[in-house]
Every structure is written in C-alpha cells, then in structure tokens.
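# Geometric and topological summary
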Amino acid sequence: MSSAPLQLPLPLPLLLLLLLVPFPPSSGAQLPKQAGAEEAPVATNGQPFPWGRMRLPKTVSPLHYELSLHPNLTTLDFKGVVRIQLDVQEDTGAIVLHAKQMQVSSAWLLAPEGARPLRLLEYPRFHQLALLSDAVLTRGRRYELQLEFAANLSDSFHGFYKSSYRTSTGEVRVLASTQFEATYARAAFPCFDEPAFKANFTIQIIREPRHITISNMPKVKTVLLPGGLLEDHFDTSVKMSTYLVAYIVSDFLSVSKTTRHGVKISVYAAPEKIDQTAFALDAAVQLLDFYDDYFDIPYPLPKQDLAAIPDFQSGAMENWGLTTYRETGLLFDPDKSSASDRLGLAKVIAHELAHQWFGNLVTMEWWNDLWLNEGFAKFMEYVSLSVTYPELQVDDVFLGKCFEAMEVDSLSSSHPVSTHVENPTQIQEMFDDVSYDKGACILNMLRDFLTPEAFEVGIIRYLKRYSYQNTVNSHLWESLSNICDSDDLVQGRIKHKEFCSQRDLQSGASKWYSGDELDVRAIMDTWTLQEGFPLVTVEVRGREVRLSQERYLKSDDRSLTEGFLWQIPLTYMTSASSTIHRFLLRTKTDVLYLPEEADWVKFNVDMSGFYMVHYAGEGWNSLTRLLQRNHTALSSNDRASLIHDVFQLVSTGNVGLDAALELSLYLSRETEIMAVTQGFQELVPLYKLMEKRDMAALENRMKDYIVDLFRGLIDGQEWADSGSVSERVLRSYLLLFGCIRNHAPCVTKATQLFNRWRDSEGTMSLPVDVTMAVFVMGARTPEGWDFLFEEYRRSLQMSLKSRLKSAMTISHLQDKLEWMMEQSLRGEVMKTQDLPGVVVSVSRNPRGYRLAWDFLRANWHTLIKKFELGSSTISHMVMEVTNQYSTREMLAEVRSFFGSLTEESGSKMRCIRQSYETIEENIRWMDSNLPVLQAWLDRRSRREREDL
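Since we're looking at a predicted model, the values are computed, not measured. (Residues numbered from 1 in each chain as written. Predicted model: local features only at pLDDT ≥ 70, side-chain atom pairs only at ≥ 80, totals over all residues. Heavy atoms only, no water.)

## With respect to the overall build of the protein chain
Across its full length, the protein chain holds 28 helices and 29 strands. Since a compact globule built from 948 residues should have a radius of gyration of about 30 Å, the 29 Å found for the protein chain is in line with a globular shape. On the principal axes, the C-alpha backbone points of the protein chain span a range of 100 × 70 × 55 Å. Restricting the contact set of the protein chain to residue pairs at least 6 apart, pairs at least 24 apart contribute 72%. Of the accessible surface of the protein chain, which amounts to about 35900 Å², a share of 50% is contributed by carbon and sulfur atoms. Within the protein chain, one finds 97 positive and 121 negative side-chain charges whose respective centroids are separated by 2 Å. (Helix = DSSP H or I, 4+ residues; strand = E, 2+ residues; numbered from the N terminus. Rg over C-alpha atoms; globule rule 2.2 N^0.38 Å. Contact = heavy atoms within 4.5 Å. Areas by Shrake-Rupley, 256 points an atom, 1.4 Å probe, with all protein chains shown as cover. Lys, Arg positive; Asp, Glu negative; His and termini not counted. Charge placed at Lys NZ, Arg CZ, Asp CG, Glu CD.)

## A look at the pattern of salt bridges
All chains considered together, the criterion is met by 56 salt bridges. The residue R210 makes a salt bridge to E208 at a minimum N-O spacing of 3.1 Å. Residue R210 is classed as exposed on the basis of its relative accessible area, which comes to 55%. Overlapping salt bridges, with partners in common, bring together K688, E691, E699 and K703 in one network. (Salt bridge = Lys/Arg side-chain N within 4 Å of Asp/Glu carboxyl O. Buried < 20%, exposed > 50% of the residue type's maximum accessible area, 1.4 Å probe, protein only.)

## Things to note about the packing of aromatic side chains
If you walk through the whole model with that rule in mind, you get 57 aromatic pairs. Seen in terms of ring centroids, F533 and F610 are 5.5 Å apart; in terms of plane orientation they differ by 70°. Their pairing is edge-to-face. On the criterion of sequence distance, the pair formed by F533 in the loop between α11 (520–528) and β23 (534–541) and F610 in the loop between β28 (601–603) and β29 (612–615) is long-range, its members being 77 residues apart. Classification of F533 by relative accessible area gives buried; the value is 0%. For F610, a relative accessible area of 1% corresponds to the buried category. Between the aromatic rings of W860 and F897, the centroid separation amounts to 6.0 Å while the plane-to-plane angle is 85°, which identifies the pairing as edge-to-face. With a gap of 37 residues between them, W860 in helix α25 (residues 860–867) and F897 in helix α27 (residues 888–899) connect regions that are remote in the sequence. Chaining the aromatic ring pairs together yields one cluster made of F290, Y291, Y294, F295, Y299, W357, F358, F376, F379, F455, Y462 and Y466. R55 extends its terminal NZ or CZ atom over the ring of W366, reaching a point 3.6 Å from the ring centre. Here the guanidinium or amino end of K866 rests over the ring plane of F157, the centre of that ring lying 5.0 Å away. (Phe/Tyr/Trp six-rings, centres within 6.5 Å; stacked < 30°, edge-to-face > 60°. Lys NZ or Arg CZ within 6 Å of the ring centre and 35° of its normal.)

## Quick notes on the state of the cysteines
Tallied over the full model, the rule gives 1 disulfide. The side chain of C402 participates in a disulfide bridge whose partner is C441; the two sulfur atoms lie 2.0 Å from each other. Given an S-S torsion of about -100°, the disulfide between C402 and C441 has left-handed geometry. Of the two residues, C402 sits in helix α5 (residues 395–409) while C441 sits in helix α7 (residues 433–450), which places them 39 residues apart along the sequence. Unpaired in terms of disulfides, C739 finds its nearest cysteine sulfur in C746, a separation of 4.4 Å. Judged by relative accessible area, C739 falls into the buried class, the value being 0%. (Disulfide = S-S within 2.5 Å.)

## Remarks on the confidence of the model for the protein chain
Averaged over every residue, the pLDDT of the protein chain is 91; the share at 70 or more is 92%. Contacts from residues 1–37, a stretch scored under 50 in pLDDT, to residues over four places away or in other chains number 82 contacts. Scored below 50 in pLDDT, residues 504–516 shows 12 contacts in the model against residues more than four places distant or in partner chains. (pLDDT = per-residue confidence, 0-100.)

## Things to note about the sheet that holds strand β4 (residues 103–111)
Spatially, β5-β4-β8-β2-β1-β11-β14-β13 is the arrangement adopted by the 8 strands of the open sheet, whose pairing is mixed. Here the strands that pair on one side only, and so sit at the sheet edges, are β5 (114–117) and β13 (219–224). On average, each strand axis in the sheet is tilted by 20° relative to the strand beside it, whichever way the strands run. The pairing of strand β1 (residues 60–72) with strand β2 (residues 77–88) spans 12 bridges and is classified as antiparallel. Within β2, the position partnered with H64 by the bridge is Q85. (Pairing = 2+ DSSP bridges. Axes fitted to C-alpha atoms, helices over the stretch in contact; angles between N-to-C directions.)

## Some words on the side chain of E429
Residue placement: E429 occurs in helix α6 (residues 424–429). One buried charged side chain, E429, makes no salt bridge at all; its nearest oppositely charged neighbour is R910, positioned 4.7 Å away.

## Things to note about the pairing of strand β6 (residues 119–123)
Pairing of β6 with strand β7 (residues 128–137) involves 5 bridges; the strand directions are antiparallel. Each bridged residue has a counterpart across the sheet, and for L121 the counterpart in β7 is A130.

## Focus: unusual backbone geometry
Cis geometry is found at the peptide bond from E181 to A182, where omega equals 10°. Looking at the secondary structure, you find A182 in the loop between β10 (172–179) and β11 (200–207). One non-glycine residue with positive phi stands out, namely Q393, at about 50°. Within the secondary structure layout, Q393 lies in the loop between α4 (371–388) and α5. In this structure Q393 comes out as partly exposed when scored by relative accessible area, which is 28%.

## A look at the sheet that holds β29
An order of β27-β24-β23-β29 is seen for the 4 strands of this open sheet, with the pairing classed as mixed. Of all strands in the sheet, those with a lone pairing partner are β27 (589–593) and β29, marking the two edges. The sheet shows a mean angle of 25° between the axes of neighbouring strands, taken without regard to direction. Note: β23 against strand β24 (residues 544–551), 8 bridges, orientation antiparallel. Looking at β24, one finds that R541 is bridged to E544.

## Quick look at the environment of F898
Structurally, the position occupied by F898 is in helix α27. If near-sequence neighbours (up to four positions away) are discounted, F898 is found in contact with W853, W860, V878, S907, I912, S915 and Y916.

## Some words on helix α13 (residues 636–651)
With 16 residues, α13 should cover 22 Å at 1.5 Å per step; its first-to-last C-alpha distance of 24 Å lies within 8% of that length. Of all 16 residues in α13, 15 are buried; the element is thus mostly enclosed. (Expected span 1.5 Å × (residues − 1).)

## Observations concerning the environment of W785
Counting through the fold element by element, W785 comes out in helix α20 (residues 782–794). On a C-alpha basis, the gap between W785 and L813 in space is 8.8 Å, while along the polypeptide they are 28 residues apart. Residues within four places of W785 in sequence aside, it is in contact with G778, A779, M808, S811, L813, K816, W819 and M820. A polar atom in the side chain of W785 sits 3.2 Å from the backbone oxygen of M808. (Polar contact = N/O pair within 3.5 Å; in protein donor to acceptor, adjacent residues only side chain to side chain.)

## Thoughts on the packing of helix α18 (residues 744–759) against α20
Axis angle and axis distance: for two packed helices, these are the angle between their axes and the distance between the axes, and together they describe the pair. In the contact formed by α18 and α20, the axes pass within 12 Å of each other and the chain directions differ by 55°. With respect to α20, the axis of α18 lies oblique. Crossing geometry of α18 relative to α20 is assigned as left-handed. Here α18 contributes F754, W757 and R758 to the contact with α20, which in turn contributes E783, G784, F787, L788 and E791. Partitioned by chemical class, the residues of the contact of α18 with α20 number 4 nonpolar, 1 polar and 3 charged. (Parallel < 35°, antiparallel > 145°, perpendicular 65-115°, else oblique. Left-handed = near helix turned anticlockwise from the far one by under 90°. Nonpolar A, V, L, I, M, F, W, Y, C, P; charged D, E, K, R; others polar.)

## Re the packing of helix α23 (residues 835–843) against helix α26 (residues 872–882)
Contact pair α23 / α26: the axes reach a minimum separation of 9 Å and the direction vectors enclose 10°. With respect to α26, the axis of α23 lies roughly parallel. Residues P836, V839, V840 and S843 of α23 pack against T873, H876, M877, E880 and V881 of α26. For the contact of α23 with α26, a count of residues per class yields 5 nonpolar, 3 polar and 1 charged.

## Quick word on helix α21 (residues 798–809)
Compared with an ideal rise of 1.5 Å per residue, which puts 12 residues at 16 Å, α21 spans 17 Å between its outermost C-alpha atoms and is within 8% of the ideal. In this structure, the buried residues of α21 make contact with α3 (339–354), α18, α19 (771–778), α20, α22 (814–826) and α23.

## As for the pairing of strand β18 (residues 303–309)
Taking burial as the measure, the 7 residues of β18 include 7 buried ones, the bulk of the element. Where burial is concerned, the two faces of β18 agree: the one with K303, D305, A307 and I309 and the one with Q304, L306 and A308 are both buried. Where strand β17 (residues 264–269) and β18 come together, 5 bridges link them in parallel fashion. Paired with S266 across the bridge in β18 is D305. The β-α-β motif built from β17, the intervening helix α2 (residues 278–294) and the parallel element β18 has left-handed crossover chirality. (Right-handed = clockwise from strand over helix to strand, strands pointing away.)

Structure representation (structure tokens):
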C-alpha cells in the first residue's frame with residue numbers, strides 16, 4: 001500500500017499574524033506547580049522530567065483536537081498528525097500530556113507569532129510527554145500544539161488495535177478498531193487522557209478504496225489522494241472525553257433505520273454476518289427513542305452506529321455515536337439463538353445507549369466515581385427494557401446481579417463504590433461487580449425509597465444541570481434532594497410539575513418526602529463511601545420488633561465488622577397485611593412497632609434494598625413453615641432473597657446449615673425462575689467444594705439431593721421452544737443440569753436428539769432451548785466432541801458457536817480440554833477473546849479444574865500482557881479458577897504462585913487478596929459444616945424410609 005505524505009503545519013490565519021503579540025521574555029521554563037512529588041523523575045534521555053505525578057497538571061487544557069490518521073492494514077502500523085488547541089490556565093513553560101508506546105517525531109507550538117519547535121521529553125512510567133518551550137505560555141491565551149507520531153497497531157484489545165475474521169471460504173480479513181476506555185487513547189494519539197479534559201474532535205482517516213471508515217460523527221466528505229488512496233473527513237464532535245473517541249477501518253456492511261426523533265441508527269458487521277443484525281437494529285431504535293423521552297434531553301448527535309467487532313475483550317463500549325460490541329453481543333439469528341441470547345443482547349444494547357447520557361453527556365470527574373457511569377447504565381438496562389421489551393421479563397434477572405455484588409462485597413478485600421484510584425491498573429480494577437452491580441442495586445434501592453417519579457425528576461435535573469461537564473458523587477445526591485423546590489422544573493415536563501403538585505396535596509405524605517428530614521446525601525454516602533453492606537437482625541416479640549445492624553462479612557475476625565453504620569431504608573410486610581411498611585434505620589439499634597401482631601414478618605420486600613436480614617428467635621422457623629405451607633404468599637423475589645440470606649448466614653454462624661437445608665425442602669414445589677436459580681446457586685457450590693476433595697460418597701449424596709429436589713420440575717419440561725422468556729431460560733438451565741447430573745430421562749432424550757442431529761450432518765433443526773443439554777451429551781465421546789468442534793469451526797452463527805464452545809468445555813475428555821485452552825491462546829481456530837471464558841468453564845469441570853489452574857500459572861505473563869493488568873477479565877479468571885478450592889494444600893499453592901509475582905506482574909491486584917479470602921472461607925465452612933451436612937442427609941434418608 002503506498003503511503004500519502006503527512007501534512008506539515010498549515011499556514012496560520014492572516015488575522016492571527018496581524019494581531020501579532022510577542023512572547024513575554026523567557027525567565028527559563030516555568031514548570032507546573034506540584035506539591036510533595038516523590039524523587040524527581042528522569043526522562044528517557046537522562047534529563048529531569050518536569051512533572052512527577054500520575055495525574056496531569058491543570059496548567060493547560062485542550063479545547064479541540066484535529067486528528068489526521070493513516071493506518072496501514074498490510075504493515076499493521078499507523079502514522080498521524082494531531083493539532084491540539086490549548087487554553088492556558090496558568091503561565092507555564094511546559095506542556096505535559098499522555099503518549100504511550102509511540103514515536104513522536106516532531107512537536108511544534110503554533111502561536112500568532114509563528115510556529116516554533118518544542119523540546120520533547122518522555123517519561124514512559126506514567127505514559128507522559130513533556131513539551132518544553134523556551135518562552136512562557138501566558139495564562140488566558142490560546143495556542144496550538146502540533147505533533148507528528150507513528151506506532152504499531154496493538155495486538156492486544158486496547159488502543160488502536162488489529163482485529164481479523166475468517167470468511168466462509170477460509171480467507172482471513174484484517175480490520176483496525178479502537179478501545180480507549182479507560183487509559184488507552186494515549187496509545188493511539190498524543191492527548192490529555194483524563195476524563196475531565198473534555199474537548200471537541202475533528203477526525204480524518206486515510207484508507208484504501210476496498211475499506212470504509214466510521215467514527216463518532218458522520219462523514220462529511222471523502223477526498224481522493226495521489227496514488228489512489230482516499231481520505232475520509234468526519235464532522236466535529238460534541239465536547240467529550242478522550243476515552244469516548246472511536247474509529248474503525250474495515251470492509252463491513254451496514255443496515256440502517258431512523259428513530260422517531262430523527263436519529264439515523266446503523267448496525268455494522270462483517271459482510272457474511274450482516275443478516276444477523278435485524279434484532280439489534282430494531283432494539284437500538286426503540287431504546288434510543290425511550291431514553292430520549294425518559295431523560296427529556298434529545299440525543300445530541302445526528303447518528304448512532306453499532307459495530308460488531310470480531311476481536312473484543314469486554315462485552316461492549318459506549319463510544320459516543322459509535323458503540324462497539326463483541327459479535328455475540330450484537331448478532332442474533334432468530335432460528336439459532338435462544339431466549340437468553342435475546343435477553344442478553346437487549347441488555348447490552350440498553351446499557352451502551354444509556355451511557356450516551358450517563359457517562360458521555362455527563363461524565364465522572366475521575367475514575368474513583370466510575371459507578372456514576374456504570375452503575376447507572378446497568379440500572380437503566382432494567383428500567384428501559386421493562387418498558388420497551390416487557391416480554392423479556394428483565395426484572396427476573398435483576399436480583400441475581402445484587403446477589404453477585406454481595407458475594408464480592410462480603411469480603412474484607414472489597415472496596416467502596418467510590419474509592420481512590422490513581423494508576424491504570426487500579427483504574428482497570430474499578431470495572432467490577434461493585435461499580436456495576438452494587439451501583440445498580442443501590443440506585444434501585446434509592447428509586448424505591450424516593451418513588452420512581454421523584455427519582456426520574458431528580459436524574460433529569462442532574463443530566464440537564466451537568467450536560468457536557470464532569471461530576472462527583474455529591475452532584476447526584478444534590479440533584480435528587482428537594483426535587484420539588486427547584487427552578488429546574490420550569491423547563492421540565494408537565495408530568496413532573498404534576499407529580500410535585502399532587503405530592504403537596506397528599507396529607508399523609510410518606511416521611512421520605514419531608515425535605516428537612518430526608519437528607520439523600522447523608523443516606524447515600526453511607527452506601528458509596530464505605531465498603532460492604534449491612535446485615536439487619538430482626539427479633540419480633542409480639543408487636544415490638546427489635547432491630548440491629550452490623551456489617552455482613554465472611555470472616556472469623558469480628559473486629560473487621562466494627563465502625564460501620566448505614567442509613568437503611570427498611571421495608572417490611574407481615575402475615576396480617578400485604579401493605580408495605582417503611583422505616584429508616586439510622587442507628588446501630590432501634591425498635592419499631594407493628595400495627596398488629598403477626599405469624600411472620602418479611603423484611604426487605606422484593607429485595608429492593610441492598611442488605612441481608614437475619615430473623616432471630618423463631619423468625620426463620622416461622623418463615624420456613626410459611627414456605628412449606630404456602631410459598632406463594634411471598635413474591636418470587638422474596639422467596640429468592642430468603643434462600644440467599646439463610647444460606648449466606650450459615651457462613652457467619654447466625655444460622656445452622658441444617659436450618660438452611662430445611663428451608664430448601666420447599667423448593668420441590670417451586671416453579672419461578674428467580675427462586676429456582678437461587679436454590680441452585682446456594683446448593684450446587686456445596687458439592688463443587690467437595691469435588692476438589694476426595695469425598696465422593698458425601699458429594700454424590702448431595703448431588704442426589706439436589707436432583708431429587710428439582711426432579712418434578714425437570715421431568716415436567718417440554719423439549720421444545722415454548723413459553724415465556726423466563727420459562728424458556730429456566731428450561732435450558734434445568735435440562736442442562738439434569739444431563740450433567742446424569743438424570744436418566746434427560747440423558748436418554750438428549751442422547752437420542754444428539755445422534756439424530758449428528759446423523760443429519762447438523763442440518764436437523766433442534767429446539768434452541770434444549771441445544772446445550774444435547775451438545776453436552778454429545779461432547780462425552782471423542783467422536784461426538786470432534787463433530788461439535790467441526791460444527792463450531794464452520795458456523796457463522798455467533799450464538800450457536802458460543803453454545804457449542806461451552807458444551808465442549810463441559811466434556812470429561814481432559815486432552816480435549818487442554819487442547820481448547822491452547823487453541824484459544826493461539827487465537828487462530830478459536831478466538832483469543834474467548835480464552836478467559838474457556839479457562840473459567842474448564843475450571844468448573846471436575847475433570848478440568850487442575851488443568852485450568854496449571855494453564856493460568858504457565859501462561860500468566862502472556863495473559864496479563866494480552867488482557868491488561870487489573871482488567872475485569874484477569875480478575876474474573878483469578879477468582880473463578882480458585883474460588884472453589886477448600887483445602888489448606890491448595891491455599892498454600894495459590895499463595896505460593898501469586899506471592900512469587902512482582903508488582904509489575906500483578907502482585908498488588910485486589911483479586912489476589914479476594915482469592916485468598918475466598919479459599920480461607922471455604923476451608924472454614926467445610927471444617928464447620930461437613931459433619932452437619934452428613935447428619936442432615938442421614939436424617940432425611942431415615943425420614944424418607946419411614947414415609948415409605
């Protein structure tokens with residue numbers, strides 16, 4: 001590919017030359033002020049580097065970037081020129097900005113007096129460049145900076161990186177795409193790569209005629225260059241953070257529609273997969289229209305593109321106007337995709353489009369408040385889909401997210417939702433279940449507490465007040481306080497004014513509304529500025545209910561629970577009334593009085609609060625009796641929360657394992673997805689811990705108990721795609737479990753279907769919901785496994801490939817499991833983006849857990865280079881591969897490996913502390929509870945024999 005010459009500094013406008021203002025005389029370069037830096041940093045050339053902090057100085061800020069790029073998809077490198085318009089906040093002789101792993105060949109300062117070269121120093125430890133001027137840049141004046149640079153396309157999943165896909169004829173095609181969040185824009189062009197340095201961007205990209213380019217903004221023109229290359233010019237963006245800039249060079253095709261509000265939506269994908277884009281296109285149109293109305297702020301760009309990238313580390317990325325996705329997160333074939341695929345796709349698209357307001361329009365000041373982006377986007381998935389796609393029954397999966405967050409938050413190594421971070425590894429570690437799922441769950445609690453109407457008024461106020469700006473926690477709480485006393489309502493919608501006037505008329509208005517009594521910030525600071533969550537102990541004595549709170553912690557060190565206090569919006573209902581009562585618990589202990597005595601009391605109604613409840617005295621017994629007698633007296637969310645809490649309280653010794661197992665017996669009559677899946681989530685880990693020990697007899701008895709508990713539900717499933725989304729998702733889960741546990745009716749049916757499907761060379765149409773069960777049975781033999789792999793290699797259907805891959809990892813054939821991990825690492829037949837999922841899935845396989853641990857250790861340095869230190873991908877692998885170990889020997893082995901790492905190779909990562917804690921807790925749990933489990937199963941066997 002021939003290369004076009006890069007543009008040199010453009011002639012400066014005549015007007016600027018006429019307004020010639022001389023530089024002030026230099027008194028030596030004035031450097032940005034800094035306090036308390038460590039030892040003086042030294043640049044790569046041995047000279048002192050003028051800045052010693054990870055965070056950039058605020059002496060200059062960017063207003064506008066003009067970025068010209070020329071990527072070469074044959075030589076896999078790129079070069080470029082960036083011109084940055086600067087606003088000088090303080091007199092300075094040094095401009096400090098970011099650049100990572102690139103060659104900057106020239107740096108010029110363009111001022112009214114003309115262009116002058118700048119001296120360039122590099123400090124790779126902080127990814128910083130310093131540009132030194134021999135004359136002072138004066139406060140209040142504007143300058144332009146021009147840098148020429150070159151770099152290789154990254155072979156990780158960050159920065160400006162290479163991706164590829166294979167066509168049905170076996171041809172490999174290359175594309176280049178970007179992923180800049182959190183700190184990778186600096187690897188694509190020199191920039192001020194912090195979220196508060198918002199600016200406008202004008203982008204131009206040179207390409208070959210066989211490719212197209214897309215970016216955040218629409219293309220305004222294409223210029224033919226000498227040698228037959230083309231240069232695409234894009235419109236200037238709105239003011240935004242560097243991590244949201246995006247561009248792609250590819251041979252993709254697209255399909256488009258226009259929203260009710262006039263925004264053009266396009267979905268881009270590899271040509272042979274463009275027929276899998278219809279669902280994503282329709283979903284994006286509906287969701288963008290929903291957010292436009294809900295937030296009462298028009299989407300500010302003329303278009304929104306969604307692109308399916310063949311190599312992509314996370315699920316998706318919210319780049320403004322050009323959201324990017326894994327192919328499995330965007331592509332959907334109605335004939336080959338399951339109900340859970342459809343639900344998953346809709347959630348991912350809803351999440352990224354919510355970010356166009358929460359995150360893009362209003363952005364957190366710094367990464368410590370990442371949850372303001374991610375917690376909100378996660379929460380809005382559920383708000384938006386419950387309205388736009390009610391048939392997806394999205395509320396049935398929200399609770400599971402809160403339980404997942406509690407799992408991490410119950411360890412002493414957890415962190416506050418808003419927590420101090422500085423370096424890129426710490427920033428990466430913020431992208432975890434606490435920021436996303438706990439963030440969403442505490443917002444759900446706040447919405448329930450304030451009422452959905454008041455919450456909506458408050459967040460619209462927040463978005464309007466801080467559009468194109470950066471925020472901290474307190475800005476959100478202020479916007480949600482005293483919402484009806486605000487001038488903002490003048491510009492608001494009629495229904496919000498109506499909400500406030502109606503509320504004023506309510507004589508018995510809920511005490512949540514009283515402005516002098518309700519301090520949203522004081523309440524929510526207790527949920528965002530301290531880690532963990534509360535365990536509320538409830539003791540009922542007649543009408544009197546004694547309440548106390550403490551931190552719930554899986555640890556035998558009780559001192560770690562001291563010093564925590566939350567303001568908890570309690571809700572409760574009783575056997576005497578279905579009315580939901582509310583009470584704000586602000587102190588360590590308190591007393592409330594029931595309207596009348598009751599047989600049972602259930603706190604945390606529908607689990608809308610992010611806290612657990614222990615029912616002291618006879619409390620658990622009365623709830624267990626209720627579930628045995630009439631479980632539908634409580635909602636399925638309430639039943640799921642009881643199952644969750646009772647088993648989690650075994651870990652802290654509040655409840656005996658035998659009491660938790662007695663409560664679980666009611667599950668033989670349960671049919672709702674949330675309660676059934678929570679039953680599995682609590683019971684299956686008990687035998688998974690035993691699988692890693694030599695105790696087959698007890699392990700098999702536990703497995704038999706679970707199969708027995710759900711036998712009626714499993715046997716009642718149709719082997720067809722019928723019913724609601726939740727019923728279909730549950731069917732897939734139950735039939736897969738039945739087959740893995742060798743439940744005879746499942747095994748027989750799935751084996752028959754697999755043989756017929758294989759005999760048809762994979763052309764027979766299987767009900768999608770049963771395919772996982774069928775494939776898992778096929779993967780048990782070498783011939784069946786090989787057939788699945790051939791289907792995987794041939795297929796272009798992303799959701800089918802995903803299920804085939806999962807089934808192959810559940811096989812008992814150890815040589816195949818090892819081969820899959822090796823192949824995923826190589827990235828030719830199986831994508832390296834899928835490697836973490838393969839390793840985790842193999843680690844859950846009783847024949848594979850040692851293989852996964854050995855693979856993780858052997859390839860650690862390759863993995864942290866490819867997936868980045870601190871990333872949720874690395875954390876997920878570490879936690880999932882180790883979290884079912886329960887012996888002191890394995891703890892020693894895990895400590896030995898991670899203890900041998902240096903800080904550069906990850907020794908300080910939070911996930912390592914979490915893995916130690918989890919294994920220690922597993923050991924404690926097994927030591928305390930194995931005899932109890934054995935005795936309870938013995939008693940149950942005796943009872944069953946007596947019943948016969």
